[in-house]
Each structure stands twice: as C-alpha cells, then as structure tokens.
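One-letter residues, chain by chain:
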Amino acid sequence: MKSQERRESLLNLLIQSKGPITGSEFAKEFKVSRQVIVQDIALLRARGIHILATSNGYVILNDDKILKIIKCKHNGTHELEDELNTIIELGGKILDIIVNHPVYGEIKTPLLIGSKFELDEFIKSVEEKKAQPLFTLTDGIHFHTIEIPNITIYNKIVDSLKNKHYLISK
C-alpha cells in the first residue's frame, strides 16, 4: 500500500470510528511503525483535518458541531462528576479541561467525555489513582471546551450549570 492510500484509509477509519484509535493499533493495521502513523497524522492535519491526539488514541473532531468554552468553579470529585454529568445529560461532549496556572500558564488536557460510561470510567480512574483534578491547582476555577449540536442545547447546559452555581460566566 502506498503512503497516500494508507493515509486515506487511516482517515476513513477515524471518520467511521465511534471512539479513539491508538497509533499502535493503526501501526498494526497498516504494518508500519507507530512513527509512520504519527507522520501520517501530521500530514492529514496539514490538510486541515481536525485530528485530536488523546491519551486513549486519535479522534477526528466533527466540524458539524459547535464548540464553546465555558468557565466553571467547584471543588471536590462529587461536584466534578455532577458538572460533567450535567453537560453530557443535556447533549454536550466535554473535549478538554483548561486551567490557567499562576506559574506554568495554560494547562490543557483532553477529556473527550460524551457518555455516562466515559464519565464513569474517568471518575473511577481519578478515584483509583487518588489523582488530584487539575482544577485543584487554581482554587476550583477551570474551563472546558464543549462540543454541542446546537445553540439550544448550549443554552440549556449554561442554564443548568448556572442553577448549580458551577458556571462563572457565559
């Protein structure tokens, strides 16, 4: 298989996939090294294709969705779970968390939580590893990039987060 054909096949797999695909999985599928896959992803990105690298693998962002950044504040794992659950229950997907650290500047980490299952797995991982969520670095203040299908859903998410006193500003 030629490199251009491989990249087109890789892109098709990403488009059809319901979840992330690791570089190792692609490498095995196409019988190339993981580094070749990293280069292929870079070339696809250079074509303007929105591919996100996450800790669980590569995903393609859907250009039909609307992206919004919300500013929130809360403390504790229970409030974290409630905040994220509120977003996904109303039809949003949490793409990342961003904190503005006073020393290190902006710290941004992909989350890609769009279902109750993904949220449960995330919370379970935080609890099992006794990890401190990023918002603990900034007195609970953090941002999320959320993906929403339309503005009506966004407004419902904003209203619900405001009612729960998690949203700082729209």
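Definitions and limits used
Residues numbered from 1 in each chain as written. Predicted model: local features only at pLDDT ≥ 70, side-chain atom pairs only at ≥ 80, totals over all residues. Heavy atoms only, no water. 1 Å grid on protein atoms, 1.4 Å probe; cavity = no way out; pocket = protein on both sides within 12 Å on 5 of 7 lines; lining within 4 Å. Points joined across faces, edges and corners; volume = space filled by probe spheres on them. Helix = DSSP H or I, 4+ residues; strand = E, 2+ residues; numbered from the N terminus. Nonpolar A, V, L, I, M, F, W, Y, C, P; charged D, E, K, R; others polar. Pairing = 2+ DSSP bridges. Axes fitted to C-alpha atoms, helices over the stretch in contact; angles between N-to-C directions. Parallel < 35°, antiparallel > 145°, perpendicular 65-115°, else oblique. Left-handed = near helix turned anticlockwise from the far one by under 90°. Contact = heavy atoms within 4.5 Å. Core = buried A, V, L, I, M, F, W, Y, C linked by side-chain atoms within 4.5 Å. Buried < 20%, exposed > 50% of the residue type's maximum accessible area, 1.4 Å probe, protein only. Expected span 1.5 Å × (residues − 1). Arc of directions from axis to C-beta.

**Notes on the layout of surface pockets**
The gaps of empty space that remain are located by a probe, the size of a water molecule, rolled over the atoms. The volume enclosed by the largest pocket comes to roughly 960 Å³. Residue lining of the largest pocket: 36 residues in total, with N56, P110, L111, L112 and I113 positioned closest to the centre. Elements that contribute at least two residues to the lining of the largest pocket include exactly α1 (3-16), β2 (57-60), β4 (93-101), β5 (105-113) and α5 (116-128). It is α5 that provides the largest number of residues to the lining of the largest pocket, a total of six residues. Residues belonging to the lining of the largest pocket are distributed by class as follows: 19 nonpolar, 10 polar and seven charged.

**Quick word on the sheet that holds strand β3 (residues 66-73)**
Backbone hydrogen bonds hold the strands of a sheet together, and the pairing may be parallel or antiparallel. Strand order across the open sheet formed by five strands is β5-β4-β6-β3-β7, with antiparallel pairing between neighbours. Of all the strands in the sheet, just β5 and β7 (167-169) have a single pairing partner and so form its edges. Here the average twist between neighbouring strands, direction ignored, is 35°. Inspection of the sheet shows β4 paired to β5 by seven bridges, in the antiparallel sense.

**What about the packing of helix α4 (residues 77-89) against α5?**
Geometrically, a packed helix pair is captured by the angle between its two axes and the distance between the axes. Closest axis-to-axis distance for the α4/α5 pair is 10 Å, and the angle between their directions is 165°. One element, α4, and the other, α5, form an angle in the roughly antiparallel class. In terms of crossing hand, the pair formed by α4 and α5 is right-handed. When α4 is examined against α5, the residues T77, L80, E81, L84, N85 and I88 are found in contact with a partner set consisting of K116, L119, D120, F122, I123 and E127. By residue class, the composition of the contact of α4 with α5 is six nonpolar, two polar and four charged.

**Considering the nonpolar core**
Taken as a class, soluble globular proteins show a tendency for nonpolar side chains to be buried jointly. Core analysis: the largest hydrophobic core is formed by 22 residues, its most contacted members being I70, I87, I94, I113, I146, I157 and L161. Put simply, the parts of the chain that give this core at least two residues each are β3, α4, β4, β5, α5, β6 (141-148) and α6 (151-163). It is α6 that provides the largest number of residues to this core, a total of five residues. Residues within four places of I157 in sequence aside, it is in contact with I87, L90, G92, I146 and I148. Among the nonpolar cores identified, the runner-up in size contains 13 residues, and L10, I21, I41 and Y58 belong to it.

**Some thoughts on α5**
Here α5 spans 18 Å end to end across 13 residues, near enough to the 18 Å set by a 1.5 Å rise per residue. When α5 is considered as a whole, its buried residues turn out to be L119, I123 and V126. Relative to the axis of α5, the buried residues are bounded by an arc of 60° and lie together on one face. In α5, the exposed positions angled more than 90 degrees off the buried face are occupied by F117 and E128.

So, to be careful, I would describe these as geometric facts and stop short of saying anything about function.
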